[in-house]
Amino acid sequence: MVIGATGQIGRVAVGALARDGWEVTAVSRGGGRDADWPDGVRVARADREDDAALAAVVGDGCEVLVDVVAFSAAHARQLTSLAGRVGSAVVISSVAVYEDGEGRTFDTQDEPDGFPHYPVPVTEQQRTIRPGDTSYSTRKAALERELLAAGDRLPTTLLRAGAVHGPHCRTPRELYFVKRNLDGRRRRVLAFGGRSRFHPASVHNLAELIRLAAARPGSRVLNAVDPEAPTVAEIAAEIDAVMGVETDTVLVDGPPPAPGVGDTPWSVPADVVCDMSAAERELGYRPVVRYARTLPETVAWIEGRLAGRDWREAYPKMFRSYGDLFDYAAEDAWLGA
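Heads up: these notes are all about the structure in this document.

Rules behind the numbers
- Residues numbered from 1 in each chain as written.
- Predicted model: local features only at pLDDT ≥ 70, side-chain atom pairs only at ≥ 80, totals over all residues.
- Heavy atoms only, no water.
- Axes fitted to C-alpha atoms, helices over the stretch in contact; angles between N-to-C directions.
- Helix = DSSP H or I, 4+ residues; strand = E, 2+ residues; numbered from the N terminus.
- Parallel < 35°, antiparallel > 145°, perpendicular 65-115°, else oblique.
- Left-handed = near helix turned anticlockwise from the far one by under 90°.
- Contact = heavy atoms within 4.5 Å.
- Nonpolar A, V, L, I, M, F, W, Y, C, P; charged D, E, K, R; others polar.
- Phe/Tyr/Trp six-rings, centres within 6.5 Å; stacked < 30°, edge-to-face > 60°.
- Buried < 20%, exposed > 50% of the residue type's maximum accessible area, 1.4 Å probe, protein only.
- Patch = residues over 30% accessible without salt bridge, like charges linked within 9 Å, V, L, I, M, F, W, Y side chains within 5 Å.
- Areas by Shrake-Rupley, 256 points an atom, 1.4 Å probe, with all protein chains shown as cover.
- Salt bridge = Lys/Arg side-chain N within 4 Å of Asp/Glu carboxyl O.
- Lys, Arg positive; Asp, Glu negative; His and termini not counted.
- Charge placed at Lys NZ, Arg CZ, Asp CG, Glu CD.

### A look at the packing of helix H1 (residues 8-19) against helix H6 (residues 203-215)
Running from N to C, H1 and H6 point in directions that differ by 50°, and their axes come no closer than 8 Å. Here H6 runs oblique to H1, going by the angle between their axes. Here H1 runs over H6; the crossing is right-handed. Where H1 abuts H6, its residues Gln8, Ile9, Val12, Ala13, Ala16 and Leu17 lie against Val203, His204, Leu206, Ala207, Ile210, Arg211 and Ala214. Here the residues of the contact of H1 with H6 sort into 10 nonpolar, two polar and one charged.

Quick look at the structure:
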């Protein structure tokens, strides 16, 4: 059973599990079906915030419950309440739970020198933020703690995903370069010398990890990222290649030189790069795709969403998260100066 089946990760996970021989029930609020799913996939409608509705869908039980939309301790308790009817679980968490040696986290990144400086690569032994309900990071940490504490009743594999990419994403970082290219912007500014790395995670690699964890129940935490962590300059160049454009890049050492100039969704002062040795060792994991190979489908999806629409209408969550990513007037003023 896959909760959140029609979301970005769930769509691909359902297909991967069904093709691996599982009898899959795809659960979502709308009860929809993806055109790429095998015919045998069953669909069910339930809001995961409704405990009774979710329990009713689980019914007599399932061997594996995959939850790609769990975000809090309350969601963890919802899952553990089903322990008698569920053999094991696979739940998506986030690298946002990590804390560096000075106590810096993604929650402190807007403070002076507040961005975390992790060891590279980050392993699952890196300490994590204090659980709570004040932010995305603290809620994910609380989700993990509750599920790991109940490991004897409900063995759960927690997958700490990086910057998830692929079609159906509500906050695609690739939007930054795709829209600029569509708008004819042939000159760009990149802060931090274009060297920033924020480890991406393809939906296809996440689906492969889910598939492997489903067949190997256990109580564990694993990083879930792509085999490489390209720099922001490399990502920009790959998107240019997919779209068939050439762009002149102005590299700025250090942070963005002015508000709205050189600050991309990947631009970070310290690398966020994760180690995948544990997944390879415990699950026999091998990545199924690399970042550049998946870009054409991601770019095509973004272009389709943008067609005839304001980007803030097409991606409202992106606007709420990052603000105005396309302040061309500020960029032109800085370049002119």
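### Some points on the packing of aromatic side chains
Throughout the structure, instances matching the rule amount to 11 aromatic pairs. Taken together, a centroid distance of 6.0 Å and an interplanar angle of 50° make the contact between phenylalanine 71 and tyrosine 136 tilted. Here the residue phenylalanine 71 occupies a position in the loop between strand E4 (62-67) and helix H3 (73-80), and tyrosine 136 occupies one in helix H4 (residues 136-149), the gap between them amounting to 65 residues. Given the relative accessible area of 34%, phenylalanine 71 is considered partly exposed. Ring centres of phenylalanine 177 and tryptophan 266 lie 5.9 Å apart, and the angle between their planes is 10°; on these two criteria the pair is classed as stacked. Of this pair, phenylalanine 177 sits in helix H5 (residues 175-182) while tryptophan 266 sits in the loop between strand E11 (248-251) and helix H8 (277-283), placing them 89 residues apart in sequence. The burial state of phenylalanine 177 is the same as that of tryptophan 266; both residues are buried.

### What about a positive patch on the surface?
A surface patch of positive charge is lined by Arg29, Arg170, Lys317 and Arg320. Looking at the secondary structure, you find lysine 317 in helix H11 (residues 316-322).

### Side note on a negative patch on the surface
Negative charge collects at one region of the surface, where Asp47, Glu49, Asp50 and Asp51 lie side by side. Position of aspartate 50 among the secondary structure elements: in the loop between strand E3 (42-45) and helix H2 (51-58). Residue aspartate 50 is classed as partly exposed on the basis of its relative accessible area, which comes to 37%.

### Details of the pattern of salt bridges
Once their charged atoms are close, side chains differing in charge can pair, the charge on each being opposite to the other. Counted by the stated rule, this structure contains 21 salt bridges. Two residues, glutamate 146 and arginine 77, come together in a salt bridge whose shortest N-O distance is 3.2 Å. Pair noted here: glutamate 146 is in helix H4 and arginine 77 is in helix H3, with a separation of 69 residues, a long-range link. Under the relative-accessibility criterion, arginine 77 is labelled partly exposed at 45%. Here aspartate 310 and arginine 312 are joined by a salt bridge, their closest N and O atoms 2.9 Å apart.

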